[in-house]
Amino acid sequence: MIHSAWLIPVLPLLSFLIVILFLRNKPKLGSLVANCFSLITFILATLVLVGRLQGDSLLREWNWLEVGSTTITLGFEINALNSLMLFIVSFVSFLVNVYSLEYMEGDDRKSIFFAYLGLFTFAMLALVISPNLLQTYIFWELVGLGSFLLIGFYFYKDSARAAAKKAFIMTRIGDVGLLIGILLLFTQVGSFEYDEIFAAVRNGELIGSVITASAILIFIGAVGKSGQFPLHTWLPDAMEGPTPVSALIHAATMVAAGVYLVAATYPLFEVSQIALTTVAVVGCFTAIFAASIGLFQKDIKRVLAYSTVSQLGFMMLALGTSGYVAGVFHLTTHAFFKALLFLAAGSVIHAVHTQDIEEMGGLNKRMKITSLVFLIGTLAISGFPLFSGFFSKEEILISAWTSGNEIMFFIALFTAFLTSLYMFRVYFLVFTGETSEASSHAKESGSAILVPMLILAVFAVFSGFINTHWFGTYLSDFLLEDAQITVKETHAPTWILYAATIVSLAGIFTSYLLFGKNKTKFGESSFSKSPVYSIVYNKYYIDEIYDAIVVKPTRLFAAGLKFIEWFCVGGIMKTISGCIQFVGWIGSRLQSGKIQTYGTIAVFIFALFILVYGVTNGGLLK
Amino acid sequence: MSSIPASSFLLLAIILFCIGLYGALTKRNTVVVLISIELMLNAANINLVTFSKYGLTPNLTGHIFSLFVMAVAAAEAAVALAILIALYRNKPTILIDEMDDLKH
Amino acid sequence: MDLQTLLSFHWDTMMPEFIILISATVLSLIDLFIGRSFSRKFFGWASFIAVVAALVSLISLSDHGVTTILNNSYVFDSFSIVFKAILLIGTALVILMAISDKFENIEEVKSEYFYLLMTGLLGAMFMSSSGDLITLFIGLELLSISSYILVAIRKENSKSNEAAMKYIINGSIASAILLFGLSYIYGLTGSTDLAAVQQIVSTLSGTELSGLLGLSFLFIIVGFTFKIAAAPFHMWAPDVYQGASTPVAAFLSVVSKSAGFIIIIRVLLNIYAGAYSPDGQLPLLINMQNYIFTISAITIILGNAVALMQTNIKRMFAYSSVAHAGYILVPLAAVSPLLFENIWFYLLAYTVTNIGAFAVIQYVVSDENNENIEAFRGLYKRKRSMAIALLFFLISLAGIPGTVGFIAKLQIIASALANNPINITIVVIMILGTLVSYFYYFRVIAEMFFKGDRLELQPPKNEIPFNLIVVIGVCVAATIVLGLMPNLALDNFYKLFS
């Protein structure tokens, strides 16, 4: 089975072509065809994963292009890491396909939606099985294109168009970094192949600074795709796309591609402490940064988006602190629970037709199953004991601690607290309490929406058990089989486990006090009628304390970060685009329309050349 | 005749070239601009003829080259004048700096 | 030279040129003698057939060995075959475009159009086969003068006239500079025969002579930048493209530019690669690398940055064409050993994608009677096939994987880096330029796909003419097929050079 793994990306491509070419105006048939292809893809991917579990890795290549003495190949590779990724991607993709059957009902471009899903899935799967950096880059771009189309699916909305454009451009900035990194490696190694590059690194053929530079450049690509600071701003905006898209692209697959890329090129990072530290610092900062912003969002999807950014930061932190397995582990569990959360949020939006969590409330009576699965997802992401997120987050904390970087460890711990705080904020505001007006007509969604969520819920609960210190570190053993990295034996203090548990529970409890019991709203009206006032009025002193030590500082902190974002990110972007526009403006002003100006400029530059030539080759002037 | 060194001819060519270039870039009358361009081409012709006579290996190729250049220059001038006339029919001006509708 | 020697040459290797020459002459005579009332509709197809016949004869000659005619003034070698193929393909496509090019107030396309395209092509073909500075110059001027008239062909249109005026004045100055440089080469070597020149310059040493040779290099390269629309002589391009009719703009951006590159390769490699620099250490070409590097970098930066500012689609494409000239100069600036195939493949890629794009532009612009980018608003809903075709061309020009444009850029980058890692500077400039180019290409894509209210959009007034369907179909197919299987073209290339 493993030998025909190339079929896995080809099937979604076929689905894309068939649907876009022939079934564009037949939404029923088109969506069914797409679903069938998606199911077959998923089955194949599962078989490949099983095949890899029982057998060995595989590498197949064909010559594609010859540039002088360099041969560029195309092919596919199956190893532990990417067979796992294949499974995750095709699994989530399949469930999203099923879910969309009902969710996209009534949209007259339903077929096109499914076609785009196919295109995106193709690109993502092909990216995963690429055996060389060039092929990775090609599909990396294509993934961006697929995401562009899906985010901009409602292109008649200005905001969706702007979001699609922003996503494309922001990730492109990262892509350029990646491309330059790849080319830098190519100049040094003379090959795009992962294996040859890693071999060169192992044999010490590359000097340290080159490795560091190329690793950081590759990481810039990952920063763009995975929404890390400072290129994260596209991800929350990308929520303009249909919700299933958010679940597929912005939770489980594309944004994880950055993490995957770092993991796939890990041997490079491993030998460069500077690169690792960069990854860790960016990840750590992004984690807390996004979490603090997520706390104050009102749009349910935006909260989830920021939480995604924050969780991706966690993964990067893990990778940056030598927690290869921890990062990939969290990638896996996150794919399940975040997709679940997005799908559940979609189910809610589908029912109440608003995305503002402060307008919702009391939905647990009307949407029992959605409420239940959302709770499961929330518990998983909060790291509630025995849920999947618990194990993977613990791994990350352990790797942060054992790397000896206490500051990062405590930031991560605090972020874990914030995570459960803001995630339960969503849960409490949306599902508990009085039934709000918007929620009063909500109905539970149909089975095509519920079944995928239930399946994901099962994974969100149990997927953590593939790598625990109690039952066995299956994932770790599997991944380390052929990852070309050195493993450090780590002995983590057990108190980390307790700390993580306590932090998670504390977050939930705080959240309950703030949002479960009192429905604190950060809405616009709360500025004039500050929550502090009402809390004091109600004599919840404990809340006042919480407000003073948690909410206020966090709010301040978030405001500070917002400023940094506005200043740094905006400033840098503005400067660059300003420079380009300035050059453009100068160039277009010079283009005065007068023939002789053109000639004069040309002759002027020509004269300059001659002058330089005369000076550098003094003989001429003698 | 032979007392004039080859470098004088070359210098003349350079001066002529520069005069032509100056004229082509500064004169407002399109016809004068075209004449200036002829000067530049002829400067090259002087070079070719000089090298043909006083070059390292004197031969006839330079003369032939310059004949070709003259023919080409004539063709170019004819086309340029034709274009100028066509232009004049649409927009009665021969001032080269007024032909600036297409810009930026 | 008696008749015997004259007949002993392999004139058959000039078959493609003869076909073009004869058909251009015959068509112009027919045009002269048939009455005004006769329809000249067949001119377009006749000249198209002539160009295709020339292409076929060129391919059938591909096994013919290296031949020279008239003391090396005409050289028939693999180099000339591969590049002539591009010129012929480009011109054939442009002629097809021109068949349906409508002018204001004029029902029928002018007949001069076609034979001028053919004489221009003849000049370009002579340039690629020239083994002598004289034929090289004559070919160049034949191409230039034909292009001047082509730009001015809408003589009732003042913009067209103005564009032609700009083109001819700038072009004449550039040729004068070029010619001045050529005269120094003749002076230094006493010969105009490129092969002889190559031999003599390798014996030239001493500061003064090499210094003069270097000076001639500057004259020549600056003269040539006019033809390829690279900085500093690029400023005519936007105005001329805007003023010229669309097929002519396509001709200038593809055939004329290719011819410019062909001649640059010929001259630089023949004359300067073998010469010594004034310090006597390196080949002169290496010494002069920095100038090409500067030209290339300025061209890329300026072309892309100014293209961002444009609202007129043809001007935007003019600046994009300037930027592409910069990319094609990269292999020269890097003196990469693979510069033949890099430039060749890039020109091929550029030919099919740019002509395709111009064909779509021609259709949309004439249908909307508007040259602004807004003319493309909602094209996807109005004319889906056109929008999708243009999408492919634009992403190929932008160099996105899966298209021929990507392969072409990849080749240039890979071989520049493989040659010498120091070239990463120019490669980075190229990549950043490409990044900027996304913005303006995607502006058009966004206009086509995302903008425009369904209700306000008017369906196109005219059907797509058959000839444009052919052009666009061929170009789309080539863009994708060569993007996925570049070896289809490259294998033929290597076969000729092996």
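Values in this document were obtained by computation on a predicted structure and should not be read as measured data.

Parameters at a glance
- Residues numbered from 1 in each chain as written.
- Chains lettered and ligands numbered in written order.
- Predicted model: local features only at pLDDT ≥ 70, side-chain atom pairs only at ≥ 80, totals over all residues.
- Helix = DSSP H or I, 4+ residues; strand = E, 2+ residues; numbered from the N terminus.
- Rg over C-alpha atoms; globule rule 2.2 N^0.38 Å.
- Contact = placed C-beta atoms within 7 Å.
- Nonpolar A, V, L, I, M, F, W, Y, C, P; charged D, E, K, R; others polar.
- Axes fitted to C-alpha atoms, helices over the stretch in contact; angles between N-to-C directions.
- Parallel < 35°, antiparallel > 145°, perpendicular 65-115°, else oblique.
- Pairing = 2+ DSSP bridges.
- Buried ≥ 20, exposed ≤ 12 C-beta atoms within 10 Å, placed from the backbone.

A. A look at the overall build of chain B. A count of helices and strands for chain B gives three helices and zero strands. From first element to last, N terminus to C terminus, chain B shows the α and β order α-α-α. Against the 2.2 N^0.38 benchmark of 13 Å for 104 residues, chain B shows a C-alpha radius of gyration of 17 Å, more extended than a compact globule. Here the C-alpha coordinates of chain B stretch approximately 50 × 25 × 25 Å along the principal axes.

B. Examining the interface of chain C and chain A more closely. Counting residues at the interface gives 51 residues for chain C and 42 residues for chain A. Examining the composition of the side of chain C that touches chain A, we find that ten residues originate from one element, helix 19 (residues 424–449) of chain C, more than from any other. Each residue belonging to the side of chain C that touches chain A can be placed in one class, and the counts come to 41 nonpolar, seven polar and three charged.

C. Geometry of unusual backbone geometry. Residue and element names in this part refer to chain C. Here the amide bond leading from Ala231 into Pro232 is cis, since omega sits at 0 degrees, within 30 degrees of zero. Along the chain, Pro232 turns up in the loop between helix 9 (207–228) and helix 10 (236–243). With a phi angle near 55 degrees, Leu70 is a residue other than glycine that sits in the positive phi range. Topologically, Leu70 is positioned in the loop between strand 1 (67–69) and strand 2 (74–76).

D. How the structure looks around the interface of chain B and chain C. Taken residue by residue, the interface counts 36 residues in chain B and 32 residues in chain C. At the level of secondary structure, the elements contributing two or more residues to the side of chain B that touches chain C comprise helix 1 (6–26), helix 2 (30–54) and helix 3 (61–90) of chain B. Ranked by residue count, the leading element in the side of chain B that touches chain C is helix 3 of chain B, at 16 residues. Here the residues of the side of chain B that touches chain C are counted per class, giving 25 nonpolar, seven polar and four charged.

E. Spatial organisation of the packing of helix 3 (residues 80–103) of chain A against helix 4 (residues 110–128) of chain A. Residue and element names in this part refer to chain A. Following both chains from N to C, one finds helix 3 and helix 4 inclined at 175 degrees, their axes separated by 10 Å at the closest point. Judged by the angle between their axes, helix 3 and helix 4 are roughly antiparallel. When helix 3 is examined against helix 4, the residues Asn82, Met85, Leu86, Val89, Ser90, Ser93, Asn97 and Ser100 are found in contact with a partner set consisting of Phe113, Phe114, Leu117, Thr121, Met124, Leu125 and Val128. When the residues that make up the contact of helix 3 with helix 4 are grouped by side-chain class, the tally is nine nonpolar, six polar and no charged.

F. Representation of the pairing of strand 1 (residues 58–67) of chain A within the structure. All names here are of chain A. Judged from the nine bridges that link them, strand 1 and strand 2 (residues 70–78) form a sheet pairing that is antiparallel. Bridging from a neighbouring strand, Leu65 pairs with Ile72 of strand 2. A loop of two residues connects strand 1 with strand 2, the two strands running antiparallel in sequence, and Gly68 in this loop sits at a positive phi of about 60 degrees.

G. Region of the structure containing the environment of Phe76 of chain C. Residues and elements named next belong to chain C. Position of Phe76 among the secondary structure elements: in strand 2. A residue is classified by how many C-beta atoms lie within 10 Å of it, and Phe76, with 25 of them, is buried. It is 48 Å that separates the C-alpha atoms of Phe76 and Arg377, two residues lying 301 residues apart in sequence. If we skip the residues at most four places from it in the chain, Phe76 touches Thr13, His64, Val66, Thr67 and Ser129.

All quantities given are derived from atomic positions and should not be read as evidence of function.
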